[in-house]
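Survey of secondary and tertiary structure
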Amino acid sequence: MGNSTDTLIISFGEMLIDFVPDTAGVSLAESTAFIKAPGGAPANVACSIAKLGGDSAFIGKVLSSYIL
């Protein structure tokens with residue numbers, strides 16, 4: 001943290017691994033492969049705050065979800 005007057009924003013929750021189709025404009029059934037991408041609202045909030053120059057932290061768990 002920068003100085004003692006900075007506000008730390010802490011996000012609590014899950015961080016997900018999203019599986020995104022590697023080809024745009026096709027259905028999931030037509031996609032040949034998927035790209036793993038970090039996601040999850042609480043993690044995204046912490047990342048966005050940091051990108052905007054704020055002080056943020058994330059407390060949570062990493063989950064992986066997919067459909068077979």
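Report on the accompanying structure. (Residues numbered from 1 in each chain as written. Predicted model: local features only at pLDDT ≥ 70, side-chain atom pairs only at ≥ 80, totals over all residues. Heavy atoms only, no water.)

1. A few points about the overall build of the protein
From N to C terminus, the protein includes one helix and three strands. Going residue by residue from the N terminus, the α and β elements of the protein occur as β-β-α-β. Counting over 68 residues, the protein shows a buried share of 12%. Within the protein, counting contacts between residues at least 6 apart in sequence, those at least 24 apart form 55% of the total. Put simply, the protein shows about 5,100 Å² of open surface, and 63% of that area lies on carbon and sulfur atoms. (Helix = DSSP H or I, 4+ residues; strand = E, 2+ residues; numbered from the N terminus. Buried < 20%, exposed > 50% of the residue type's maximum accessible area, 1.4 Å probe, protein only. Contact = heavy atoms within 4.5 Å. Areas by Shrake-Rupley, 256 points an atom, 1.4 Å probe, with all protein chains shown as cover.)

2. Brief notes about the side chain of serine 11
Among the structural elements, serine 11 can be located in strand β1 (residues 8–21). Classification of serine 11 as buried rests on a relative accessible area of 7%. Ignoring sequence-local partners within four residues, the contact set of serine 11 consists of Pro42, Val45, Ala46, Ala57, Phe58 and Ile59.

3. Concerning helix α1 (residues 41–51)
Every buried residue of α1 is accounted for by Pro42, Ala43, Ala46 and Ile49. The arc that holds every buried residue of α1, seen down its axis, measures 130°, which confines them to one face. Seen from the open side of α1, the exposed residues pointing more than 90 degrees away from its buried face are Ala41 and Lys51. Remark: glycine 53 follows α1 within two positions and exhibits a positive phi of approximately 95°. (Arc of directions from axis to C-beta.)

As far as function goes, none of this settles anything; it's purely spatial.
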